[in-house]
Amino acid sequence: MEIWINPACSKCRSAIDLLDGEGASYTVRRYLDDVPNEDEIRAVLERLGLEPWDITRTQEAAAKELGLKEWARDEGSRDRWVAALAQHPKLIQRPIITADDGTAVVGRTDEAVRDALGRSSQ
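Residues numbered from 1 in each chain as written. Predicted model: local features only at pLDDT ≥ 70, side-chain atom pairs only at ≥ 80, totals over all residues. Heavy atoms only, no water.

Caption draft 1: Structural context of the nonpolar core. Counting residues in hydrophobic clusters, the biggest one holds 21 residues, and the most contacted among them are Ile-41, Ile-55, Ile-92 and Ile-96. Excluding its chain neighbours within four sequence positions, the residues that come into contact with Ile-41 are Pro-36, Val-82, Leu-85, Ala-86 and Ile-92. Among the nonpolar cores identified, the runner-up in size contains 15 residues, and Ile-3, Ile-5, Ala-24 and Ile-97 belong to it. (Core = buried A, V, L, I, M, F, W, Y, C linked by side-chain atoms within 4.5 Å. Buried < 20%, exposed > 50% of the residue type's maximum accessible area, 1.4 Å probe, protein only. Contact = heavy atoms within 4.5 Å.)

Caption draft 2: Spotlight on the pairing of strand E2 (residues 27–30). Bridging between strand E1 (residues 2–5) and E2 involves four bridges; their strand directions are parallel. Across the sheet, residue Trp-4 finds its bridge partner in E2, namely Arg-29. (Pairing = 2+ DSSP bridges. Helix = DSSP H or I, 4+ residues; strand = E, 2+ residues; numbered from the N terminus.)

Caption draft 3: Main features of the pattern of salt bridges. Throughout the structure, instances matching the rule amount to eight salt bridges. For the salt bridge of Arg-42 with Asp-79, the shortest nitrogen-to-oxygen distance reads 3.2 Å. On the criterion of sequence distance, the pair formed by Arg-42 in helix H2 (residues 38–48) and Asp-79 in helix H4 (residues 78–87) is long-range, its members being 37 residues apart. Assessed through its relative accessible area of 25%, Arg-42 is described here as partly exposed. By relative accessible area, which is 47% here, Asp-79 ends up partly exposed. A salt bridge links Arg-78 to Glu-51; the shortest N-O distance between them is 2.6 Å. Of this pair, Arg-78 sits in helix H4 while Glu-51 sits in the loop between H2 and helix H3 (61–66), and the two are 27 residues apart along the sequence. In the salt-bridge network here, residues are joined through shared partners; they are Glu-38, Asp-39, Arg-42 and Asp-79. (Salt bridge = Lys/Arg side-chain N within 4 Å of Asp/Glu carboxyl O.)

Caption draft 4: Focus on helix H1 (residues 10–21). Compared with the 16 Å implied by 1.5 Å per residue over 12 residues, the 16 Å span of H1 between its first and last C-alpha is a close match. When H1 is considered as a whole, its buried residues turn out to be Cys-12, Ala-15, Ile-16, Leu-18 and Leu-19. The buried residues of H1 occupy an angular sector of 165° when projected down its axis, which confines them to one face. Exposed and oriented more than 90 degrees from the buried face of H1 are Asp-17 and Gly-21. Contacts from the buried residues of H1 go to E1, E2 and helix H5 (110–119). Where H1 terminates, the next one or two residues include Gly-23, which has phi positive at roughly 70°. (Expected span 1.5 Å × (residues − 1). Arc of directions from axis to C-beta.)

Encoded structure:
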């Protein structure tokens, strides 16, 4: 199991605390320092079953500068969104937990983190 975090994020810290409390085995990826490339973002989107705009933090300054709210949300625009996430990792919703069964969740709630735990062997 891997968790993409921003250490400054309270939701990320809560997810780590829950994982630790459950004795889970996981790897931390500080995705602002170890920025995922476009292929990694596509792979995590596949695991999440989501589109890039579904995991984009549209209230961030970079999102406003790029005008993301005006971007089309369709198959033809998917690569543009993925490229923006790779170039501006702060736009990626967090934390993202990849489970051992090949799925992933956005772990913004305790329930979502427990869901990922249930999908992974501990």
